[in-house]
Amino acid sequence: KAVVSTQSTGSFDNMVRFTTLLLAFTAAALATNQETFRLSFGQKGLDWFETVVADVNDVLRDVIMKGLVIPPMDMNGVAVEQLKMRDMSLPKPDLSIVEGSGYKLNANGLLMVIDGAWSYGFFSGELTVNTKLNLEAIASVDADMKRGKFRTNGEACDVDFVSLEIDMGNDLLNRIAQGMVEDVKTEIAGIVCKEVDTALDSGINSLLNAIPSEVKLHLLEDIVFTFAPDADPIYSADHVDVPCRVHAKSKVPFPFAPQGITDSLDPEFIGCVLLSDYLVNSVSFLALGKGAIRESIPNKKFPIGSDLTNTAYFKKSLPQLYKAYPNKEVTYKITNLRHPELEFDAGLQKINVPLRVLVQVDGATIINLRLTLNTRGDLSIRGAKITGTCEEIDTKTVVVSSKIGDIDAKVANDIMDDIFLKTIIPDVNAFFKKGFTLPCIEKAIDVRRVLAQTKDDFLRVCGDFSLTKYTQDKIREVVEDIVKKFTFAF
């Protein structure tokens, strides 16, 4: 076992790539038919979502004002028709969790001004309805396993009128109109609740359907990953857990299974994402199977003439090699024997990968080694930037064959530790010490505060964030497209 010194330099370029892929978890969400990641959020997350909805209130208002058609009403023989919304004010919604059921939406202070015409026998005229009401609706979000989507459903709706006034043009008619108020309230309450149900059934579900469910990684262009729900969301008293899964086609079954996710929200943050190490291992299995990692020395970082590339380097550690081949150039061929495996553990992450190392002189293999490389390190996040370290490595080496006699296993381990400490590990540390921004986040989200914690078999990332103008504009575009498809009919 060796403790890493971050002062060293050197690299195996592709080994850095695969270690980067695994340590960074940037591709982590990628292949299973069971729960492998979980979104968890509480009231703070709902409060954040309220602001997102409020940002598109003007879109909803404009579309409703332009396209709303209110059908005629019959109020005790008085025909009310040609109804049209003149003005309305949409309040900021108030969202809360209903334990075991779903969400509650309160929209208090919804204002509507409706103009129209009335007629009774030979009499007719114009009228205006001014109303202020409080709306309460309960909705659930369920997993549609057949379609692989989440789906909203309206569960309950209640309208409480703060005020409703009917102006028919003069005091006498207005007094007569007072007898119509309760009927008008009943009509409007039914209309509002019907539209809420329609919005949940068509509008919100259209928005959910608009969220891409397929993704291609630039590292795996030929493989499409499909996101889907794993089970219905879990509505607890103070937070909601949304279990998810992802599918990826593979000709060979995955030789491992998810261990399950048992954690949830950190209430100090807007929300948390919990990623199973099964996800990262699925990427590794698909992209970095046996033989996918092939490295050799000499290379750009260790050209011919470097210490590692001459048998003199082993004069003391492996004297029989130097004695048999004095001052000869050495070539190393390194190949993985299976995909690298990553394990998240409490406070750290570990990588395990079996390798074949061939030590060659003059093109002939002198030593054939089979070893298991284990690394331990940690990850941290500041803003949208990931940093980390690989703190130690451990190699377990088996000498498969040797043309220079027996080689002690401890000597072989020490030599491999030394070689890897001078090659892959320093570049990994240099890369992570510099850090890098999470892909796509910088453009879509302004991260204010974030926390990354490695747990038993999963990684928990919690954060506070706001949407960038780019994302807000995209949301508005989607909402406009969806809302324009509505046929508003009160």
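Nothing here was measured: the structure is a model prediction, and the numbers come from that model.

**Student:** Residues and numbers for the side chain of Thr131, please.
**Tutor:** Along the polypeptide, Thr131 turns up in strand β7 (residues 123–144). Among the residues examined, Thr131 registers a relative accessible area of 4% and is labelled buried. At 3.0 Å, the side chain of Thr131 and the backbone oxygen of Ser163 are in polar contact. Setting aside residues up to four positions removed in sequence, Thr131 forms contacts with Leu110, Leu111, Met112, Phe161, Ser163 and Leu164.

**Student:** Tell me what's going on with the pairing of strand β22 (residues 458–467), and back it up with residues and numbers.
**Tutor:** The buried fraction of β22 is high, at eight of ten residues. In this structure, strand β13 (residues 271–276) lies alongside β22, joined through six bridges in antiparallel fashion. Bridging from a neighbouring strand, Ser276 pairs with Phe458 of β22. Pairing of strand β21 (residues 445–455) with β22, which is carried by ten bridges, proceeds in the antiparallel orientation. Each bridged residue has a counterpart across the sheet, and for Gln453 the counterpart in β22 is Arg460. Here β21 folds back onto β22 in antiparallel fashion, the turn holding two residues, of which Asp457 has a positive phi close to 80 degrees.

**Student:** Lay out the nonpolar core in plain terms, naming residues and giving numbers.
**Tutor:** Val80, Leu133, Val159, Leu164, Ile166 and Ile188 are the most contacted members of the largest nonpolar core, which has 36 residues in total. Among the elements that take part in this core, helix α5 (residues 181–210) stands out by supplying nine residues, more than any other. Those residues within four positions of Leu164 in sequence are excluded, and the remaining contacts are Val129, Asn130, Thr131, Val181, Val184, Lys185 and Ile188. Among the nonpolar cores identified, the runner-up in size contains 29 residues, and Ile366, Ile407, Ile415 and Phe420 belong to it.

**Student:** Give a detailed account of the environment of Val113, specifying residues and quantitative values.
**Tutor:** Looking at where Val113 falls in the secondary structure, it is placed in strand β6 (residues 102–120). Separated by 15 residues in the primary sequence, Val113 and Thr128 place their C-alpha atoms 7.0 Å from one another. If we skip the residues at most four places from it in the chain, Val113 touches Lys84, Met85, Arg86, Asp87, Thr128, Val129 and Asn130.

**Student:** Tell me about a nonpolar patch on the surface, and name the residues and values.
**Tutor:** A grouping of Tyr120, Phe122 and Phe123 is seen on the molecular surface, where their side chains present a nonpolar patch of about 460 Å² in accessible area. Relative to the elements of secondary structure, Phe122 occurs in the loop between β6 and β7.

**Student:** Pulling in residues and values, what's your account of the pairing of β6?
**Tutor:** Bridge analysis of strand β4 (residues 78–89) against β6 gives eight bridges, and the strand direction is antiparallel. Following the sheet pairing, Lys84 is matched in β6 by Asp115. In this sheet, β6 lies alongside strand β5 (residues 94–98) in antiparallel orientation, the contact comprising five bridges. For Ser96, the partnering residue across the bridge sits in β6 and is Lys104. With antiparallel pairing between neighbouring strands as the criterion, β5 and β6 make up a hairpin whose turn holds three residues, including Gly100 at a positive phi of roughly 75 degrees.

**Student:** For the packing of aromatic side chains, give the residues involved together with the corresponding values.
**Tutor:** Overall, the coordinates contain two aromatic pairs when judged by the stated rule. For the pair Tyr313 and Phe314, a centre-to-centre distance of 5.2 Å together with 85 degrees between the ring planes defines the contact as edge-to-face. Classification of Phe314 as buried rests on a relative accessible area of 3%.

**Student:** Any details on unusual backbone geometry? Residues and values, ideally.
**Tutor:** Note the cis peptide between Ile297 and Pro298, where omega equals 15 degrees. Considering the arrangement of structural elements, one finds Pro298 in the loop between β14 (294–297) and α7 (319–324). For Gln82, which is not glycine, the phi dihedral falls at a positive 55 degrees. Here Gln82 is to be found in strand β4. In this model, Asp362 sits at a positive phi of 55 degrees, which is unusual for a non-glycine residue. Along the chain, Asp362 falls in the loop between β17 (348–361) and β18 (364–382). Owing to a relative accessible area of 63%, Asp362 belongs among the exposed residues under this scheme.

Parameters at a glance
Residues numbered from 1 in each chain as written. Predicted model: local features only at pLDDT ≥ 70, side-chain atom pairs only at ≥ 80, totals over all residues. Heavy atoms only, no water. Helix = DSSP H or I, 4+ residues; strand = E, 2+ residues; numbered from the N terminus. Buried < 20%, exposed > 50% of the residue type's maximum accessible area, 1.4 Å probe, protein only. Polar contact = N/O pair within 3.5 Å; in protein donor to acceptor, adjacent residues only side chain to side chain. Contact = heavy atoms within 4.5 Å. Pairing = 2+ DSSP bridges. Core = buried A, V, L, I, M, F, W, Y, C linked by side-chain atoms within 4.5 Å. Patch = residues over 30% accessible without salt bridge, like charges linked within 9 Å, V, L, I, M, F, W, Y side chains within 5 Å. Areas by Shrake-Rupley, 256 points an atom, 1.4 Å probe, with all protein chains shown as cover. Salt bridge = Lys/Arg side-chain N within 4 Å of Asp/Glu carboxyl O. Phe/Tyr/Trp six-rings, centres within 6.5 Å; stacked < 30°, edge-to-face > 60°.

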